[in-house]
Every structure is written in structure tokens, then in C-alpha cells.
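Residue-level listing of the chains:
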Amino acid sequence: MKSHARAVVVGGGVVGVNILYHLAHQGWTDSVLLERTELTAGSTWHAAGLVPLYSFSYSFGRIIAKTIEVYEGLEAETGQAVGWHKCGQLRIAETPDRMDEYLNYVAIAETQGVRAEILTPEKTVELWPLMSRSPNLLGAVYNPDDGHIAPADVTQALAKGARQLGAEICQRTQVTGYEQKPNGEWLVLTSSGEITCEHLVLATGNYVQNTAKMIGMEIPAIPILHQYWVTQSVPEIQKRKEAGLPELPVLRNEAINGYVREERDGLMFGPYERSHKLEFFAREGVPDWFGADLLPEKMESVEENWEAALDLVPVLGEVGIRSNVRGPICTTPDNLPLCGPAWSKHNLWFAEGFSGGILMGGGLGYELANWIIDGEPHIDLSEVDPRRFGPHANKTWSGIKITEAFGHNFGLHYPGYEWPEGRQVKMSPCHDRLEKAGAVWGSVYGWESPLWFAPVGIERKDLWSFREFNYLPFVQQECHAVRNSAGLIDMTHMAKFEVSGPGVEAWLNRMLANRMPQKTGSIVLAHMLTKSGGVRAEFTVTRLGENLFYLVSTPRGERHDFDCLQNSLPNDGSVTLKNVTMERGCFTLVGPNSREILQPIVDGDLSNEKFCWMKAQTHSVGFASDVRMMRVNYEGELGWELYHPICYNLHLYEAITNAGKELGLKLTGNRAIEVLRLEKSYRAMYRDINVEYSALESGLDRFVNFNKEDFTGKVALLRQKEEGLVRKMVTVKVDTIDADAYMNEGVYREGKLVGRVTSGATSKLIGGCLSMAYVDIKCAEEGTELEIPVLERRCRAVVIADSPYDPQNLKARA
């Protein structure tokens, strides 16, 4: 083992070897992988279909497509077989909602580079003749380019490719500790000696909790036990092979909560344990006696699955069982991996919690290598960024959420679905008042946050669907109140930071694309960009004093944004960064009556002359002192955001609601905010803007100050400005009937894919579905007619001017 490497990858499963291979492929040939046993150990999980139903994720479909591309190219590069069977994948639908999910998936598949088609019941049975046709069969979705692959073969081929490029693999090398040196390098202590490196990548799989103890961090990933069975020879499969017929597609079905596929001359049955039958493994760390051992089978964990599988594929019960494989696989609270930088640690990277290492390893290994080498990802990886979880994601909470998420593998993925377990982690003091007022709750970064308010007599419950939503009439009422009287919104969950010190203004001007406010009490919207001009974070920045700024960002970005800022602090101590999220609550009071409601309880003049738009002042509101009142909001009306010491939250709620009783004040939730911000074409972080699209492509030009001397991303944006844009974000009005163009649907012109929807909702005010979309620049002109598939229909869409409601911001300035 060498004594120094540019990168050390710890963990020799398929994920770790993928990362090593891609690092070496991109020039870091002095990288080293450390594996405690043999490379093939742990590579026993067969990939049964690589293309998942991640219709909520634009990135994930492309990651899987990249995985297939990598694996298909390995054989030619290394001369080593990888056991790739391109047999396709078939998911059957036996309920209308399941078919709607598949229709939604087909509407977005092409944007991800995936082929998918809806099949009739007849065609479904023709493709899988060993299936018993249920009277409930409505059809299926078919991925013709999918298949399955042999994990051990892939692992060895990747290892061979990495070695050919000069990377080193050290097997039977156990890591005993990690230390970070003063110069930032990592010292890795092992059973074979010591090695230092610039970048340390942890891909330790089932040993993740052992790793967590070594580095002194809480990592929200825990192994669970999973299993599959392989049958003895099935005569029908033998006959197909003798007849030269193609291999059956991988078959998936919600009733069996698992899959069935060919395995040699038999069948493999892979059930996914339901939540109430799920078992954890090594919650406190893998015991010493466990190497890469397998555990005894446990049929009682999946009896329901097995019985349903026999109904679906009767031949499973006509032959004996050849083998069972049962062992641990590691997963996370949302069943997606932790892949990216570790928070608060320089050059430490996680690649943990891969419940499908074969499925995701090729694509994410490639993207993580890009991120490590270039300092930024090439595509949006926010859905797998480890910093998406906060300190609330401890072992107890993670265990509850892992049980829920893994058990929901075959559940329906409804638009905006709210997971019910592990709730009420963080609540604002006025939670009980909002509960009493009819709040229907959602969760964001551990915070309970009202989605909508059910009037008296209406069931407080979301009825999930891909079509019309039961909450729509009540959300429309909330929107009407904001546009015509006033709405009160609890925004306590927003991430809040204070930045101070003699060097703070100059530092923020380098970090963010807009110029920092010059005068105390001024506000700007500013974006942290990548060096290629993509949008890393969005902040409302308020100058509170000569050397004090207040930054507010999306709740989901709390740990991510703080970490990005912290990692860029100057070394001379001239800037201090503090997370004050838990110290201050926030209410947004917004609407034409908001001034009239607030004025009697505020100790200052709220007239437009004394308190104008995009300004901030500190006042007492009722009995609450030190309330930072900011005349800015996300809804496009006259209004204030009130950032207050959290001890005053309940009092402020009472004071504002009492003052608004006779002035049409209505409690308002997040679903209404979504509609209101789309009526203004306001972008949403992660949904509409992210690192993959530049600030110019995102339509954020007015928030980029090119007159500043320098800021991150400036060079790239100037180059893009000179060369011209190839795509741009636009607002489109879509002629939908009973469903919205909501997220990731393809945008077409004359049958050709020209873009992708990023968000959308029904606006009663505008009279239809409003969506945001990225489209080819030739299609970005106002009036351009397009088509967007929404479930079974191709809907007419037209590009309209941004901000269809109050484009001059006259309401907000009133």
C-alpha cells in the first residue's frame, strides 16, 4: 500500500469500486481503495431491473441511464463479462391509480433518457405468458432497455478497469481510524499501515454505523435485512430457452411487493419486506463475528408477498426452491443514498446508504467523481446530497423513516405525497392554534408546516390522487384571501443565518451574485452560484448594521447552505457565521389589508413613505420586541415577513389574528403559496433552480450584478452571455383537464422533445394550469405553442410572459 494518494475510497463493494474506477478514468490514477475483505464480498444482491419509477426526480432517471451506459461499456473496455441481460422490465397495473402513476412516468421518461411505453392487458400477457391474468389487469408500463446484471462480475470488471488505469486496490485491509491533519489532509489508519490523502470517500455499506463512530458523526443510514429465492428448474423456462425465445422481462407488481425474473432455467423471486415485517441489522455497528456472511432464510417475513406471487405466477409453486439469499443492505430515511460532501468536514465524502448499489453505483459513482475532481456536481444531486438531512435525523428518527420508506418500495408515488411517520419533530409554538384552526400538516426538514386549512365540517385529510385534489377548493379560497384581503402564514421553518464582522460585506459580494445592500435596512435577493454559473442557493439578504447581515433561505437548505457558507469563510477571522434558525420564528402577513391589520399593533409608521418595499425595520409588535419586519414576500402582494424571537411566536399569532378578524384575514398554507408564487413566476429553489442551470438560463438576470469586481460564477456567466443561451426557463399556460403539468413532464414542439416542466399548479385567478419549464431557446418566445403530456393526454401549452399577475409589482409596492 502506498503512503499517499489523491483520494482514498474506503469500501470495496460495487459502490466503492465504481467510485475508484471513475476517479481513475478522469485522471486521478493515484487513487486507492481499501477493502476489509475480498472485492466480491457483499456483492450478492442481484439487480432485478435497473430503471426505477422515480418520476419525482429528473436526475435519477439520468443517473440510472448512465449506470447502464457504464456497465455496457465495461465489457468492451476490460474484456471481462459483466453478466448484463437486456431483457426489459414490465410493471403491471391493477388499479386506476397505479395506471395513472405509469402514465405520469411515461410522460417524463424521455426527459430522463429512458424509453417507456404503456401496454394493453393483452400485450402484457403476451410478453409474460407465465403470468396468470387477473380480471383487474389494466395494462403495464414497459422499459425495453432495462434488464439485470451479475454484481460480482460487474465488481470485478470495474476493479480490472481501475487497475488498468493505475489505481490501487488493497484487499483485506481493515481501517482502524481516521484523523484530519492541520493542513486538511486525511490520515487513514489501517491494519496494513497508514496512508494520507487529500480526499477521503466513505463507501462502507453495512459498516456505516461503525464508520459513524470513527468519525464522530451521526449518519442517517442503517442496514436492514432483505432476501430473495431462486427456484429449481421450471419446465416452461426450459422450453422457452430450447425454442430460442427471448428472456422474459423482469416482472414487478404491487400485489407481491416484489419482482419475478428468470435465473438460469428457473425463476428468482425477490420480495420487499413490508414495514411491519422489516428487521434492522447492526444498528450499533456490525459485530465482529460478521464478515460478509449471509443469514438463515425467514419466509415468515414475506408470507403475504409469497402468497400473492403464487397467484400471479403459479409455476413458482410447482417447483422446489434451489437457494435463498438473506443478508443486510443499507438504506436511509428516504431510501435514497447519501452521496456527496459530509457537512462540517473538509474533503470528506459520503457514498453511504445505497439500498441498490448496482442500480445506482455506476451513475452516482461517475457523478460523485465529477464532484470531487471539479468541486461541483455536473447535474443536480440535491436529492442524494447528505446535507438534505438535519440534526433531527438521529438513529431513532432514521429507524422509523427507514422502516416506512423501504416498506413503501412498491407504494404509489403520488404528487406531493406526505409521509406520515416520524412526524412532529419540530413545531412552532403556535402549532396547537393552527391545529385547532384546521391545519392539514406537511413536513419540511423535520418541521411541521400547514399545507392547507380545512373549514369546519371538512375532513382534515389529503385524498391522494394524480388527478383532481380534494383540497383544491380550499386552497383557492386561501389564494383569494391573499389577493383580496390578507393571509397569515407560519414560516418559522425558514433557514436563518447571521453573518457579521469587518470583512463581511466584501466576502458576501464575492460569494453571491447580486451586490449586497448598501444601506442599513435594505434588502436584496441574491444567489450563491457554482463556478459554472449554476444556482447553489438563494438568499434574501438584509443589512441590519454596518457589519451585520441577515440571510434567509429555504428550510431544506439549512444544513447545505450553512455548510457551503462555512466552507468559504476567510481564514483571517474577519467574518463570523451563525445559524439562528431555532432562535427566531417567522410569520408572513400578506395581502392588500396587511398594513391595516398590522398598523394598530406596531410601534412604527407602516405607510409607504416611511416603510417602502424591499426595506426592513425593527419594531415591537404587540408585546413582542425585536421583531425584524421585512417588507418582502413570496406571494406578490403588499406584506411583511416578521422574524421574531421565538418566545413571542404564540403571542404574535394571537395579536395578528385578533387584529385581522374584521379585515378578512385567513390562515394560509404551503399549497396556496405554490399557486401564488407561480402566478408571479417566482422560482423555487431545487424545483426550478439548481446547480444544473445557470442563473441566466433560470431567468435570474436582474439578480446578477456584473458591475461587481468579482463573484463566483461571473466568468462562466459572461462567457454564456457572449455565446448566447441554448435553453431558458419560461412560464407556460397549459390546457389541462383534470390534472396539472406538475413536475418533470416533457415539453414538445411538433413531436420533438424541447424541454421539461419543473413545477406547476392550477390557478383559478389565471384560469388554468400554470407551469414553469426549461425549453430550447428557439421555443422560449412568448406565444410559442407547445405540447405537454399529462397522464393520457397531450395538452396544448403556450409560452406566456413571466409574472402573469401584476407584472409591474404595483401590489407589492402599494
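Being a predicted model, the structure only gives us computed values, none of them experimental.

**Student:** Before we move on, can you summarise the overall build of the chain with the specific residues and values?
**Tutor:** If you tally the helices and strands in the chain, you get 19 helices and 37 strands. Here the chain has a C-alpha radius of gyration of 27 Å; the compact-globule value for 814 residues is 28 Å, and the two agree. Taken along the three principal axes of its C-alpha coordinates, the chain extends 85 × 65 × 50 Å. In the chain, which comprises 814 residues, the share counted as buried stands at 62%. Surface exposure of the chain reaches about 30,100 Å², of which carbon and sulfur atoms provide 49%. When the 82 positive and 104 negative side-chain charges of the chain are each reduced to one mean point, those points stand 4 Å apart.

**Student:** Now, about the sheet that holds strand E14 (residues 258–263): what can you tell me, with residues and values included?
**Tutor:** With mixed pairing, eight strands are arranged side by side in an open sheet as E5-E6-E4-E13-E14-E15-E12-E16. Whereas interior strands pair on both sides, the edge strands pair on one side only; in this sheet they are strand E5 (117–119) and strand E16 (321–331). For this sheet, the mean inter-axis angle between neighbouring strands, taken without regard to orientation, is 25°. Sheet topology note: the strand E12 (residues 222–231)/E16 ladder contains 10 bridges and is antiparallel. The residue of E16 that forms the bridge with His-226 is Gly-327.

**Student:** Account for the pairing of strand E32 (residues 727–734), naming residues and giving values.
**Tutor:** As judged from the eight bridges shared by E32 and strand E35 (residues 768–776), these two strands associate in the antiparallel manner. Bridged to Val-732 within E35 is Ser-771. Here E32 pairs with strand E37 (residues 793–800) via four bridges, running antiparallel. The residue of E37 that forms the bridge with Val-732 is Val-799.

**Student:** Explain the packing of helix H12 (residues 472–484) against helix H17 (residues 670–679) residue by residue, including any values.
**Tutor:** Across the interface, H12 lies against H17 with an axial gap of 9 Å and an inter-helix angle of 55°. Taken together, the axis directions place H12 and H17 in an arrangement best described as oblique. The handedness of the crossing between H12 and H17 comes out as right-handed. Along the contact surface, H12 presents Val-475, Glu-478, Cys-479, Val-482 and Arg-483, while H17 presents Arg-671, Ala-672, Val-675, Leu-676 and Glu-679. In terms of residue class, the contact of H12 with H17 is built from six nonpolar, no polar and four charged.

**Student:** Break down unusual backbone geometry for me, citing the residues and quoting the values.
**Tutor:** For Asp-626, which is not glycine, the phi torsion reads 60° and is therefore positive. Within the fold, Asp-626 resides in strand E29 (residues 624–630). Despite not being glycine, Asn-744 shows a phi value in the positive range, around 75°. Within the secondary structure, Asn-744 sits in the loop between E32 and strand E33 (746–749).

**Student:** Mind laying out helix H5 (residues 151–164), listing which residues take part and the relevant values?
**Tutor:** Here H5 contains 14 residues, and its C-alpha end-to-end distance of 20 Å stays within 8% of the 20 Å for a straight helix at 1.5 Å per residue. Burial in H5 covers these residues: Pro-151, Val-154, Thr-155, Ala-157, Leu-158, Ala-159, Gly-161 and Ala-162. Looking at the packing, one finds that the buried side of H5 touches helix H1 (14–25), helix H2 (58–78), strand E7 (148–149), strand E8 (168–170) and helix H9 (357–374). In the stretch just after H5, Gly-166 is the one whose phi turns positive, near 110°.

**Student:** Kindly report on helix H6 (residues 208–215), identifying the contributing residues and their values.
**Tutor:** Of the positions making up H6, those classed as buried are Val-208, Gln-209, Thr-211, Ala-212 and Ile-215. Seen from one end, H6 has its buried residues packed into an arc of 155°, which puts them on one side. The secondary structure elements touched by the buried residues of H6 are strand E9 (175–180), strand E11 (193–202), E12, E16, strand E18 (348–352) and helix H10 (395–407). Positive phi appears at Gly-216, one or two residues downstream of H6, with a value of about 70°.

**Student:** Can you break down a negative patch on the surface residue by residue, with the values?
**Tutor:** On the surface, Glu-297, Glu-300, Glu-303, Glu-307 and Asp-311 cluster together into a patch of negative charge. With respect to the helices and strands, the residue Glu-303 is situated in helix H8 (residues 303–312).

**Student:** Please set out the side chain of Asp-561 residue by residue, giving values where relevant.
**Tutor:** Following the sequence through the fold, Asp-561 ends up in helix H14 (residues 558–567). The side chain of Asp-561 is buried and forms no salt bridge, while Arg-387, the nearest opposite charge, is found at 7.9 Å. At a separation of 2.8 Å, a polar atom in the side chain of Asp-561 contacts the side chain of His-560. In this structure Asp-561 touches Phe-497, Arg-536, Ala-537, Phe-539, Ser-553 and Tyr-686, once residues within four positions along its chain are discounted.

**Student:** Describe empty space enclosed by the protein, listing the residues and the values that go with them.
**Tutor:** Tallied over the full model, the rule gives three cavities of 30 Å³ or more. Estimates place the volume of the largest cavity at around 160 Å³. Lining the largest cavity are 16 residues; nearest its centre among them are Asp-380, Ser-382, Asp-385, His-560 and Tyr-686. Split into classes, the residues belonging to the lining of the largest cavity amount to seven nonpolar, three polar and six charged.

**Student:** A description of the environment of Ile-737 should follow, citing residues and the corresponding values.
**Tutor:** Considering the arrangement of structural elements, one finds Ile-737 in the loop between E32 and E33. Along the primary structure Ile-737 and Arg-467 are separated by 270 residues, whereas in three dimensions their C-alpha atoms are 9.0 Å apart. Not counting residues within four places of it along the chain, the set of residues in contact with Ile-737 comprises Glu-468 and Arg-793.

**Student:** Hey, could you go over the packing of aromatic side chains for me, with residue numbers and the actual values?
**Tutor:** All chains considered together, the criterion is met by 24 aromatic pairs. Judged by centre distance (5.2 Å) and plane angle (85°), the ring pair of Tyr-417 and Trp-419 falls under edge-to-face. With centroids separated by 5.5 Å and ring planes inclined at 75°, the aromatic side chains of Tyr-550 and Tyr-643 adopt a geometry described as edge-to-face. A residue pair is termed long-range when its members are at least 10 positions apart, and Tyr-550 in strand E25 (residues 548–553) and Tyr-643 in strand E30 (residues 639–645) qualify at 93 residues. Across the pair, Tyr-643 and Tyr-550 agree in class, each one buried. Put simply, the rings of Tyr-259, Tyr-272, Phe-406 and Phe-410 pair up and form one aromatic cluster.

**Student:** Lay out the layout of surface pockets with the relevant residues and their values.
**Tutor:** Here the second largest pocket is characterised by a volume of approximately 680 Å³. Elements that contribute at least two residues to the lining of the second largest pocket include exactly E18, H9, strand E23 (523–529) and H14. When residues in the lining of the second largest pocket are grouped by element, the largest group, four residues, is from H14. The residue makeup of the lining of the second largest pocket, split by class, is 12 nonpolar, 10 polar and seven charged.

The rules behind the values
- Residues numbered from 1 in each chain as written.
- Predicted model: local features only at pLDDT ≥ 70, side-chain atom pairs only at ≥ 80, totals over all residues.
- Heavy atoms only, no water.
- Helix = DSSP H or I, 4+ residues; strand = E, 2+ residues; numbered from the N terminus.
- Rg over C-alpha atoms; globule rule 2.2 N^0.38 Å.
- Buried < 20%, exposed > 50% of the residue type's maximum accessible area, 1.4 Å probe, protein only.
- Areas by Shrake-Rupley, 256 points an atom, 1.4 Å probe, with all protein chains shown as cover.
- Lys, Arg positive; Asp, Glu negative; His and termini not counted.
- Charge placed at Lys NZ, Arg CZ, Asp CG, Glu CD.
- Pairing = 2+ DSSP bridges.
- Axes fitted to C-alpha atoms, helices over the stretch in contact; angles between N-to-C directions.
- Parallel < 35°, antiparallel > 145°, perpendicular 65-115°, else oblique.
- Left-handed = near helix turned anticlockwise from the far one by under 90°.
- Contact = heavy atoms within 4.5 Å.
- Nonpolar A, V, L, I, M, F, W, Y, C, P; charged D, E, K, R; others polar.
- Expected span 1.5 Å × (residues − 1).
- Arc of directions from axis to C-beta.
- Patch = residues over 30% accessible without salt bridge, like charges linked within 9 Å, V, L, I, M, F, W, Y side chains within 5 Å.
- Salt bridge = Lys/Arg side-chain N within 4 Å of Asp/Glu carboxyl O.
- Polar contact = N/O pair within 3.5 Å; in protein donor to acceptor, adjacent residues only side chain to side chain.
- 1 Å grid on protein atoms, 1.4 Å probe; cavity = no way out; pocket = protein on both sides within 12 Å on 5 of 7 lines; lining within 4 Å.
- Points joined across faces, edges and corners; volume = space filled by probe spheres on them.
- Phe/Tyr/Trp six-rings, centres within 6.5 Å; stacked < 30°, edge-to-face > 60°.

Nothing here speaks to function; it is all geometry.
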